[in-house]
Amino acid sequence: MVRARGARRGFATEAGVVIALDRIDLDITRGSFTAVMGPSGSGKSTLLHVLAGLEALDAGSVSVDDLELTGLRDTALTRVRRDRIGFVFQSFNLLPMLTAEQNILLPLELAGQRADPAWRDTVVQGLGLADRLRHLPSQLSGGQVQRVAIARALIGSPAVIFADEPTGNLDSRTTGEVLELLRRCVDEYGQTVVMVTHEREAAERADRILTLSDGRIARDESGPFAAAAAEATQP
Ligand code: ADP
Ligand code: MG
């Protein structure tokens, strides 16, 4: 589903070249939930950006859904990102003059598509946004803004959703809800999800945990993990 081969990305800085990704090989299977952990600066965001076609590689290749992203022209890449990839950014990127509902539906509108009404309701209700749809981002709490950003990524049922610390600023209850929704997207709708998180407990809701260190995959663990087991035994 998502594949990287020898993926390398460096950044020129005043102190010299920083290798953010050091020849990463990775296969992510369809319908799986993968968490990416690792210290600050280990390359987590860069990995998500290159897998989503938001940043180019210096060497190596990335493909999504059997489509090679490496070397695609900008217009083709834009179409792939729009049609196949959902991205939840660390900074959410909502448009301030659009309501929550307009923000959620924007990617579909840009693609000239309509939301399936049942799926739209599932997403909106699953994220507890039904009574917030007419609000502007400035009228929403941080947690609500984050949920709108997640709804926007889910609404088009993309081949894969990348989420960069989607629960970063949320209280523990909202964090639990967001993780539960991502988990349900995988289990009930066969969605593929790749999520960066700092918290081991959040990562343990995934099927697989990758730990990055200095731009390499230092650890690759397969679940089920303790947190998933704890959740499953709750009444
Ligand atoms: P993480 O998300 O794990 O904190 P990043 O992927 O953001 O790590 O960054 C990995 C490394 O690449 C860090 O050393 C960071 O400083 C560097 N880096 C990332 N983006 C840029 C950029 N646009 N310019 C220069 N250096 C960058
Ligand atoms: Mg980051």
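Our structure is the block above this text.
Thresholds applied
- Residues numbered from 1 in each chain as written.
- Chains lettered and ligands numbered in written order.
- Predicted model: local features only at pLDDT ≥ 70, side-chain atom pairs only at ≥ 80, totals over all residues.
- Heavy atoms only, no water.
- Helix = DSSP H or I, 4+ residues; strand = E, 2+ residues; numbered from the N terminus.
- Rg over C-alpha atoms; globule rule 2.2 N^0.38 Å.
- Buried < 20%, exposed > 50% of the residue type's maximum accessible area, 1.4 Å probe, protein only.
- Contact = heavy atoms within 4.5 Å.
- Pairing = 2+ DSSP bridges.
- Axes fitted to C-alpha atoms, helices over the stretch in contact; angles between N-to-C directions.
- Near = heavy atom within 4 Å.
- Polar contact = N/O pair within 3.5 Å; in protein donor to acceptor, adjacent residues only side chain to side chain.
- Areas by Shrake-Rupley, 256 points an atom, 1.4 Å probe, with all protein chains shown as cover.

Participant: Any details on the overall build of the protein? Residues and values, ideally.
Facilitator: Scanning the protein for helices and strands turns up eight helices and 10 strands. For the protein, whose C-alpha radius of gyration is 17 Å, the value lies close to the compact-globule estimate of 18 Å for 235 residues. For the protein, the spread of C-alpha atoms along the principal axes amounts to about 50 × 45 × 35 Å. Across the 235 residues of the protein, 49% fall into the buried class. Within the protein, contacts between residues at least 6 apart in sequence are counted, and of these 65% link residues at least 24 apart.

Participant: How would you explain the side chain of Arg-183 if you had to name every residue and give the values?
Facilitator: Here Arg-183 is to be found in helix α6 (residues 172-189). Classification of Arg-183 by relative accessible area gives buried; the value is 12%. When near neighbours in sequence (up to four residues on either side) are disregarded, Arg-183 contacts Phe-33, Arg-205, Ala-206 and Asp-207.

Participant: An account of the sheet that holds strand β9 (residues 208-213) is requested, with residue identities and associated values reported.
Facilitator: Strand order across the open sheet formed by six strands is β6-β7-β8-β3-β9-β10, with mixed pairing between neighbours. Each edge of the open sheet is held by one strand with a lone partner, namely β6 (85-88) and β10 (216-222). Sheet twist, expressed as the mean angle between neighbouring strand axes with direction ignored, is 15°. In this structure, strand β3 (residues 33-37) lies alongside β9, joined through four bridges in parallel fashion. Within β9, the position partnered with Val-36 by the bridge is Leu-210. The strands touched by helix α5 (residues 142-154) within the sheet are β6 and β7 (160-164), with β6 carrying the most contacts at an inclination of about 175°.

Participant: Give a detailed account of the site of ligand 1, specifying residues and quantitative values.
Facilitator: Neighbouring residues of ligand 1: Phe-11, Thr-13, Val-18, Ala-20, Pro-39, Ser-40, Gly-41, Ser-42, Gly-43, Lys-44, Ser-45 and Thr-46. Between Ser-42 and ligand 1, the recorded distance is 3.2 Å, taken from a backbone N or O atom to an oxygen atom. With respect to ligand 1, the backbone of Ser-45 contributes an N or O atom lying 2.9 Å from an oxygen atom. Burial of ligand 1 by the surrounding chains reaches 62%, relative to a free accessible area of 560 Å². Elements supplying a minimum of two residues to the shell around ligand 1: β1 (2-13), β2 (16-28) and α1 (44-51). For the shell around ligand 1, the element with the highest residue contribution is α1, accounting for three residues.

Participant: Describe α1, listing the residues and the values that go with them.
Facilitator: Here α1 lies mainly inside the structure; seven of its eight residues are buried. Downstream of α1 by one or two residues, Gly-53 has phi in the positive range, about 70°.

Participant: Account for the pairing of β3, with residues named and values stated.
Facilitator: Strand residues, when the strand is regular, have side chains that alternate between the two faces of the sheet. Within β3, five of the five residues are buried, which leaves it mostly tucked inside the rest of the structure. Every second residue of β3 is oriented toward a common face, with Phe-33, Ala-35 and Met-37 on one face and Thr-34 and Val-36 on the other, all of them buried. Alignment of β3 against strand β8 (residues 192-196), held across four bridges, turns out to be parallel. When the sheet's bridge partners are listed, Phe-33 is paired in β8 with Val-193.

Participant: Which residues make up the sheet that holds strand β5 (residues 67-68), and what values go with them?
Facilitator: Strand order in the open sheet made by the four strands is β2-β1-β4-β5, with antiparallel pairing throughout. Each edge of the sheet is formed by a strand with only one pairing partner; in this case those strands are β2 and β5. With respect to the sheet, α1 is in contact with β1, β2 and β4 (59-64), its orientation differing from that of β2 by roughly 60°.

The values are spatial; any link to function lies outside them.
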